[in-house]
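One letter stands for each residue in the lines below.
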Amino acid sequence: MKPSLRAQAVAPMELAGLQRLARSGSLDIALGIPPGDPPAAVVDAAVSALRQGRHQYADTSGLPELRAVIAADALRTHGVVVDPDTEITVTVGATEALLTSLLAVTDPGDEVLLLEPYFELYPGVVELTGAVPRFVRLRAPDWRLTEDALTGALSPRTRAVVLNTPHNPTGRVFDAEELDLVMNVCQEQGIVCITDEVYDCTVFDGRRHLSPLAMPRARSNSVIVGSLSKKMQMTGWRIGYCIADPEMTTVLRRIHEHTTVGTNHPLQYGASALQASDVLDGRLLFQEQRDELVAGLSALGFTVSPPEGGWFVFAGTEALGWSARALSRRLAESAGVLVAPGSPFFQRQEDSDRWIRTTFVRGAETTRKALDRMAAFLAAEDPPSR
Ligand code: PMP
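Given the structure is predicted, the values throughout are model-derived calculations rather than measurements.

**Quick look at the site of the ligand**
Phase 1 of the analysis: As a structural note, the neighbourhood of the ligand is formed by 14 residues, with A94, T95, D196, Y199 and S227 the closest of them.
Phase 2 of the analysis: In the environment of the ligand, an oxygen atom lies 2.6 Å from a nitrogen or oxygen atom belonging to the side chain of S227.
Phase 3 of the analysis: Within the side chain of S229, a nitrogen or oxygen atom sits 2.8 Å from an oxygen atom of the ligand.
Phase 4 of the analysis: For the ligand, whose accessible area on its own is 400 Å², the fraction buried by protein is 90%.

**Side note on the nonpolar core**
Phase 1 of the analysis: V112, V162, I194, V223, L297, F302 and M374 are the most contacted members of the largest nonpolar core, which totals 58 residues.
Phase 2 of the analysis: Top contributing element to this core by residue count: helix α5 (residues 93-105), with six residues.
Phase 3 of the analysis: Summarising the domain contributions, this core has at least three residues from each of domain 1 (5-30 + 281-380) and domain 2 (40-278).
Phase 4 of the analysis: Among all residues touching V112, those that are not within four sequence positions of it are L102, T106, V126, A131, V132, P133, R134, A160 and V162.
Phase 5 of the analysis: Counting 32 residues, the second-largest nonpolar core is a separate cluster that includes L15, V161, L338 and F346.

**Brief notes about the environment of V361**
Phase 1 of the analysis: Positionally, V361 belongs in the loop between β13 (355-359) and α15 (364-380).
Phase 2 of the analysis: V361 sits in the buried class, given a relative accessible area of 0%.
Phase 3 of the analysis: Each C-alpha atom, one on V361 and one on L150, is 31 Å from the other, the two residues being 211 residues apart in sequence.
Phase 4 of the analysis: Excluding residues that lie within four positions of it along the chain, V361 makes contacts with G32, I33, P35, F286, Q289 and W311.

**Some remarks on the packing of helix α12 (residues 282-299) against α15**
Phase 1 of the analysis: For the pair α12 and α15, the least separation of the axes is 10 Å and the interaxial angle reads 0°. The angle between α12 and α15 places the two elements in the roughly parallel class. Where α12 approaches α15, its residues Q289, E292, L293, G296 and L297 are matched on the opposing element by A364, T367, R368, L371 and M374.
Phase 2 of the analysis: For the contact of α12 with α15, the per-class residue count stands at five nonpolar, three polar and two charged.

**Let's talk about the domain arrangement of the chain**
Phase 1 of the analysis: Domain annotation of the chain identifies domain 1 (5-30 + 281-380) and domain 2 (40-278).
Phase 2 of the analysis: Inter-centroid distance (C-alpha atoms) of domain 1 to domain 2 is 25 Å.
Phase 3 of the analysis: On the side of domain 2, 30 residues touch domain 1, which itself brings 30 residues to the contact.
Phase 4 of the analysis: Counting the surface lost from both domain 1 and domain 2, the interface buries some 2,800 Å², and carbon and sulfur atoms represent 57% of this.
Phase 5 of the analysis: Applying the counting rule to domain 1 against domain 2 returns four salt bridges.
Phase 6 of the analysis: Among the salt bridges present, the one from E308 reaches R207, with a minimum N-O distance of 3.7 Å.
Phase 7 of the analysis: For the pair domain 1 and domain 2, the interface holds 19 residue pairs in polar contact (both at pLDDT 80 or more).
Phase 8 of the analysis: Counting residues per element, the ones that place at least two in the side of domain 1 that touches domain 2 are α1 (5-9), α2 (14-21), α12, β10 (312-316) and β13.
Phase 9 of the analysis: The element best represented in the side of domain 1 that touches domain 2 is α12, accounting for five residues.
Phase 10 of the analysis: Tallied by class, residues from the side of domain 1 that touches domain 2 come to 15 nonpolar, six polar and nine charged.

Parameters and conventions
- Residues numbered from 1 in each chain as written.
- Predicted model: local features only at pLDDT ≥ 70, side-chain atom pairs only at ≥ 80, totals over all residues.
- Heavy atoms only, no water.
- Near = heavy atom within 4 Å.
- Polar contact = N/O pair within 3.5 Å; in protein donor to acceptor, adjacent residues only side chain to side chain.
- Areas by Shrake-Rupley, 256 points an atom, 1.4 Å probe, with all protein chains shown as cover.
- Core = buried A, V, L, I, M, F, W, Y, C linked by side-chain atoms within 4.5 Å.
- Buried < 20%, exposed > 50% of the residue type's maximum accessible area, 1.4 Å probe, protein only.
- Helix = DSSP H or I, 4+ residues; strand = E, 2+ residues; numbered from the N terminus.
- Domains from an automatic or database assignment.
- Contact = heavy atoms within 4.5 Å.
- Axes fitted to C-alpha atoms, helices over the stretch in contact; angles between N-to-C directions.
- Parallel < 35°, antiparallel > 145°, perpendicular 65-115°, else oblique.
- Nonpolar A, V, L, I, M, F, W, Y, C, P; charged D, E, K, R; others polar.
- Buried area = accessible area lost by both parts, 1.4 Å probe.
- Salt bridge = Lys/Arg side-chain N within 4 Å of Asp/Glu carboxyl O.

Structure (C-alpha cells):
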C-alpha cells in the first residue's frame with residue numbers, strides 16, 4: 001500500500017523514540033512527565049463512573065460538568081468569564097485540540113506560522129491538515145518574537161499562527177508587547193491566532209502568563225488550546241480543550257465530532273471532580289528546581305537562559321565543543337542520562353545540533369543525580385573530532 005503524501009511528510013516523533021534508548025537505571029530529564037498523580041478523589045470518581053455504567057457516548061462537546069471546571073479554571077487564571085455551553089469544547093488532549101483548530105481554519109495549501117524552535121508535534125500536525133508550515137525564527141539568547149521575523153514569514157496564503165506560551169522548548173513567556181504584535185498582525189491580515197497554553201500553570205519570577213483570552217480585541221480571532229495533562233498531572237487521561245467564541249466553537253465541535261466523536265466518558269466524569277486546589281502550582285513546585293538545573297548546566301559549560309515559564313531548560317552545547325546529537329546519544333549510552341537533542345525542535349539544520357532540552361520536573365533528586373552524572377561524563381570524555 002502506498003501511503004499518502006501527507007502521511008509521508010509526517011516524521012516519527014523523536015522524543016517518543018528517546019525512551020527506548022534508556023538503559024535500566026537511566027535518569028530521564030528529557031520528557032515533561034508530571035511529578036505526581038491526580039488526587040485520589042478524582043481517580044475514585046472515574047472508577048465509580050465505570051461502576052455506575054457510564055459506558056456510552058457522552059455529550060460530544062464534553063461533559064457539561066467538566067466544561068464548567070474548565071470555565072472556572074479560565075476565570076481563575078485569566079479573570080475572564082467563558083461560557084461553558086457555547087465557548088468550550090473538550091478534546092482528546094491539546095494534541096487533538098490543535099488538529100481540530102487547524103482543520104477549522106485552514107484549507108489545503110494554506111500556510112500556518114510556527115515559531116521556531118517549536119514543540120516537536122507542530123509541523124506534522126500542520127502537514128496532516130494539508131496546510132504548509134512556515135517558520136518564524138526566534139533567536140538566542142532571549143528568543144524574542146520580533147516584528148521583522150513575524151511579518152517576514154507572512155504570505156497571501158497565511159491563515160493562522162500558532163503561539164505557544166509558556167514556550168516549549170525555550171521557556172519564553174511572551175510578554176504584552178509580543179502578544180500585541182501578534183494580535184495586530186492577526187487583525188490586519190485577517191488570520192487566526194491559535195495559542196497553546198498547556199504550561200499556563202508554570203510561570204516563574206513573579207511574571208504573569210498572558211493569553212489572547214484576556215484581550216477583548218483578540219477574542220474573535222483566537223482559539224485557546226489547553227490541557228489537563230500537565231496542570232492536573234494526568235497526561236494519560238488525554239483530556240484537553242479549545243476555547244473560542246461561540247461561532248468558531250460551533251465549527252470546532254463539528255470537526256471534533258468527525259475526528260473523535262468525543263473524549264472518553266468515564267474519565268471526563270472523573271475529571272469533573274477536579275477542584276481549584278488540584279491545579280499544579282509550577283511556580284511553587286518548580287522554581288527552586290529550575291534554579292538548580294540552570295545553575296548546574298551553566299557550571300558544566302552549557303549556554304543557558306533561565307526559562308521564564310514552562311517545564312524545560314534549553315541549553316546550548318557549542319561552548320562545550322559537543323554537537324547536541326552526539327552528546328545526547330553518548331549521555332544515554334554511557335552516563336545513563338536522557339536529555340532531548342535539539343533536532344526535533346528545529347527545521348534549520350545549523351540550529352538543530354546546538355541545543356539540548358532538559359526538564360526540572362522529575363524531582364530534585366533526579367535533577368541533582370543527572371547533573372552529577374553529566375559532570376563525571378564531561379570530565380571523562382572528549383567530544384568526537386568533527
Ligand atoms: N503542546 C505542548 C507545547 C506540549 O509540550 C505538549 C505535551 N508535551 C502538548 C501540547 C500535548 O499535550 P496533550 O497531552 O494535552 O495532548
